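Residues per chain, in single letters:
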Amino acid sequence: MTRIPGWFTYVGAALCVFCILGAPVAESHESSTSYLKLDARADGSLDGSLDVGVLDLSWSVPLDADGDGRVLWREVEAAQPAIAGLVADRLIVERGGRHCTIHVTDVLVTRHVGEPYLSLPFVGRCEALGLLGIRSDLFFNEDSGHRTLFDVRTATGSVAGFLMVSAREWKQSPAPNPWATFAAFVVQGIWHVWTGYDHLAFLLSLLLPCALTAGRGAWRPAEGLKVVLRDLLRIITAFTVAHSITLGLAALQVVSVSARIIEPLIAATIVIAALLNLFPKAAPLRLPLAFSFGLIHGFGFALALSELAPVRGQIAALLAGFNIGVELAQLSVVLLVAPVLVLLRQSAVYATRLMPAASMAVAAAGFIWLGARLG
Amino acid sequence: MHVRRVITGVIAAMRTIAASTIALPALVASAFALSTLAVSALAVSAAAASAAEGAAPFRPIDPGFVVAELPGGSPRARDGSARQFELSRSDPQLAAQLAGTLLEQARTSAQPQLYGRAESVLAPWIARPAVPAPLLILEANILQQRHEFAAAIELLDRAIAQNPRSGQARLMRANVRIVTGDYEHARPDCAWLMGSGEQWTGSVCIAQVLGSTGQLERARALLERLMAGDAAVPSGQRQTGQRQTVQGQTVQGPTAEVLAWTLSVRADLALRAGALPEAQDMLTRAVSLAPTSDYARLALVDVLIAGNRLAQAVSVLDTTRPSAGVLLRRSIAQSRTHAGRTPDSLAELKERLNVSAQRGERTHLREEACLALEFPQDGAGSRHAALVLARDNFSVQRETEDIRLFARAAVDARDPDALATLKEWLRHSHYEDIVVDQLLRSGQSS
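Residues numbered from 1 in each chain as written. Chains lettered and ligands numbered in written order. Predicted model: local features only at pLDDT ≥ 70, side-chain atom pairs only at ≥ 80, totals over all residues. Heavy atoms only, no water.

1. What to know about the overall build of chain A
Along the backbone of chain A there are 10 helices and 14 strands. Looking at chain A as a whole, 56% of its 375 residues qualify as buried. A total of about 15,700 Å² of accessible surface is found on chain A, and carbon and sulfur atoms cover 64% of it. (Helix = DSSP H or I, 4+ residues; strand = E, 2+ residues; numbered from the N terminus. Buried < 20%, exposed > 50% of the residue type's maximum accessible area, 1.4 Å probe, protein only. Areas by Shrake-Rupley, 256 points an atom, 1.4 Å probe, with all protein chains shown as cover.)

2. As for the nonpolar core
If you look at the biggest cluster of nonpolar residues, it comprises 86 residues, and the most contacted ones within it are Ile403 and Leu422 of chain B. Tallying contributions element by element places helix α12 (residues 256-272) of chain B first for this core, with 10 residues. Once residues within four sequence positions are removed from consideration, Leu422 of chain B is found in contact with Phe394, Ile403, Phe406, Ala407, Val436 and Leu440 of chain B. In terms of nonpolar packing, the next biggest core, distinct from the first, is built from 71 residues, Ala222, Phe293, Val326 and Val337 of chain A among them. (Core = buried A, V, L, I, M, F, W, Y, C linked by side-chain atoms within 4.5 Å. Contact = heavy atoms within 4.5 Å.)

3. Description of the side chain of Asp56 of chain A
Looking at where Asp56 of chain A falls in the secondary structure, it is placed in helix α2 (residues 54-60). Buried and unpaired, Asp56 of chain A has no salt bridge, with Arg117 of chain B as the nearest side chain of opposite charge at 6.2 Å. With residues near it in sequence (within four places) discarded, Asp56 of chain A still touches Ser32, Thr33, Phe139 and His146 of chain A together with Gln113 of chain B. (Lys, Arg positive; Asp, Glu negative; His and termini not counted. Salt bridge = Lys/Arg side-chain N within 4 Å of Asp/Glu carboxyl O.)

4. Considerations on the confidence of the model for chain A
Residue and element names in this part refer to chain A. Confidence in the prediction for chain A averages 83 pLDDT; 90% of positions are at 70 or higher. Contacts from residues 1-16, a stretch scored under 50 in pLDDT, to residues over four places away or in other chains number 37 contacts. Of the regions scoring below 50 in pLDDT, residues 18-29 engages in 59 contacts with residues more than four places distant in sequence or in other chains. (pLDDT = per-residue confidence, 0-100.)

5. A closer look at the packing of aromatic side chains
Residue and element names in this part refer to chain B. Applying the stated criterion to the full structure yields 11 aromatic pairs over all chains. Geometrically, the ring pair formed by Phe394 and Trp425 is edge-to-face, given 5.5 Å between the ring centres and 90 degrees between the ring planes. Of this pair, Phe394 sits in helix α19 (residues 383-396) while Trp425 sits in helix α21 (residues 416-429), and the two are 31 residues apart along the sequence. Accessibility classification places Phe394 together with Trp425 in one group, the buried group. Grouping aromatic residues by their ring pairs yields a cluster made of Tyr183, Phe394, Phe406, Trp425 and Tyr431. The ring of Phe394 has Arg398 lying over it, and the distance from NZ or CZ to the ring centre is 4.1 Å. (Phe/Tyr/Trp six-rings, centres within 6.5 Å; stacked < 30°, edge-to-face > 60°. Lys NZ or Arg CZ within 6 Å of the ring centre and 35° of its normal.)

6. So, the sheet that holds strand β12 (residues 169-171) of chain A
All names here are of chain A. Taken together, four strands build an open sheet; the order of strands is β5-β4-β9-β12 and the sheet is antiparallel. The open sheet has two edge strands with one neighbour each: β5 (98-99) and β12. Note: strand β9 (residues 132-136) against β12, three bridges, orientation antiparallel. By the bridge assignment for β12, Gly133 is matched with Lys171. (Pairing = 2+ DSSP bridges.)

7. A closer look at helix α10 (residues 199-212) of chain B
Residue and element names in this part refer to chain B. Helix length check: α10, at 14 residues, gives a terminal C-alpha distance of 20 Å against a target of 20 Å (1.5 Å per residue), a fit within 8%. Most of α10 sits out of view: 13 of its 14 residues are buried. Among the residues trailing α10, Gly214 stands out with phi positive, at a value near 90 degrees. (Expected span 1.5 Å × (residues − 1).)

8. Looking at the state of the cysteines
Should the sulfur atoms of two cysteines be covalently bonded, the bond is a disulfide. Per the stated rule, a full pass over the model turns up two disulfides over all chains. Residue pairing for Cys100 of chain A: its cysteine sulfur links by disulfide to Cys126 of chain A, the two sulfurs lying 2.1 Å apart. Given an S-S torsion of about 110 degrees, the disulfide between Cys100 of chain A and Cys126 of chain A has right-handed geometry. Taken together, the positions of Cys100 of chain A in the loop between β5 and β6 (103-104) and Cys126 of chain A in the loop between β8 (115-125) and β9 put the pair 26 residues apart, joining distant regions of the chain. Cys126 of chain A carries the same exposure label as Cys100 of chain A, and that label is buried. Each sulfur of the disulfide joining Cys190 of chain B and Cys205 of chain B lies 1.9 Å from the other. With the S-S bond torsion at -60 degrees, the cross-link from Cys190 of chain B to Cys205 of chain B turns out left-handed. With a gap of 15 residues between them, Cys190 of chain B in helix α9 (residues 183-195) and Cys205 of chain B in helix α10 connect regions that are remote in the sequence. Take Cys205 of chain B: its relative accessible area is 1%, and that puts it in the buried class. (Disulfide = S-S within 2.5 Å.)

Now the structure itself:
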């Protein structure tokens, strides 16, 4: 190879061509990880577990006493005091500015990503109040690629994150103002409906026949404002109740559905709801359909919410805020459209031409979306 | 009123259909079927547990239960390494030697911790204002493996400024630039290697640049001549790694690993020209020459999968401590062998990608993008998600696979912006790949 300083030849040998092929080699580059779980309760008690890789630990604590290249369970049991000492030494949990006590109570065997790990359950005591903090010095000095993934639970919620060589500490931040978060999600809910053309289209197809009644196979203007408003209220309530149910279930992760299923289904609901407006005989179905299709649209809202709020901590407030935003936006659409419909209903053209034409336009749009989402 | 007549006509027609057929009941039935489908879809997947959960911890009953095999050898060797670790803080030569050994061990034994250990050895030195060039090169090697390409280039610039005759630094800098698609800046380093007696590595280097800048066939011919020249030396006289005189020129005979690398590059060029059998043959030879390297292995498996030789692909993938790339291809091969069944490797791959994401790393964008495209029902969901991953990956690295993934995702999602970005890049760089061209054409015709 090229002329190189004498002591560099060794490095030259180690730097084979395949090492310097860049990205492909990164395939196998997954550094060591430990996993810390912590539950700090309001009464000051603390418990959790620290899972450490057997290979990582073997550099800091002699685990292979007989030197046969294998770590046996009896060797681990014998090393338990040393392991507990290492953790007590290098892992610091504090609350309200004071160190918590930590006692490793056991050593168990587990696996992460196919690698052997020891799981070290621990208990401890902290100040009952104050912000929590973690600091770890485990393995960072010896292995700069090491990360400690943590999952901390407190009475106010849970936080996940990681510690690394250049950031070995984590401190709980003061809780954000819940009202500000709530308000932000109300705005997000409103925004989602106003900018989500598919929900607007579905709402429109529900609203279009609201100022009409079906009789003898044809649409005719509804008798009086009271009838119109009652019909409107029932339809909108059915839709709202239904989508609140599924939005809640999905947001609380009781159930989960894929966007691949829900998005085409939402387009299909638009096509069907709009086409049904062409058949006055189908009028009695509008209420059950508003409800059943509302269930589908709720999942659509949940998908939007899941993009906004991947953290589960404040989910109830977020869910309520988002849903209220959705309802407000829906109400604004009703308030905009309903007066127009009430005024138009007396015109003969509305029931016979305008409403069916608008419904068909909505159905056509829904059909195009359906094609795009299935294609 | 013409429009009115048309609307009236259409409405009348719809009513006729409704009256004469079962359109209305069918509509209602399908409406209810849809909502039932949605509700039953709920049952499909309950909330998934966090990937960091791991297996349930247990206490072995047998004291002789083997908790782990230590690949690092005896504890005495480890103790020795710990002492060296301390000594390396004051001795740059020892630091370079130790880090080099750790990197080599990490590479051949698939022990990722050793990369971190090597970096720990280098850390106190890298923090200093004047760093010896060999240490800069070692650190750059670690950085580029973490896909921190810009930072790696910066260290290599410093190493080359210190020692302009460092072939390692030049080759590494050229390769990092080729991987990121910066072909024009790679060219001078390749030329330097050729001019400084490193004719073999220089030729492979420049062939990669030519092959990506509109001269694919010339690059293929260059490497064919290079290897033909090597083969021209009777095998009895030829020893790998030795200097030979071929046609009046002194040529460094390639080591097995350099030969494997050359074959991999040739195979890549052949694949982009559409010569699959030729590529397969070259990659098979490359794998046998460098069995510990994932690079040629994964490329070979891709060719086998493309040719639907799934059983053969699975057998090539049979390695211990599989990488994410191996797990991904196993999943693809398994899912194509047993359609409809979720491959076993998929869960392990997802767990690994999940942990990597939780570690705050973005080194698996390529695998994530491929996963989202290959297993849309299991991945992040939409085509848009696959495109975002493929585009992010393309912004970091631009090897054949990355460019193909981006093209596939852009065509799949029919995203005009992404397609325009890709076409503009192809036009500007004169990059050639028959598969990318086919993808883009299929995107235009659909």
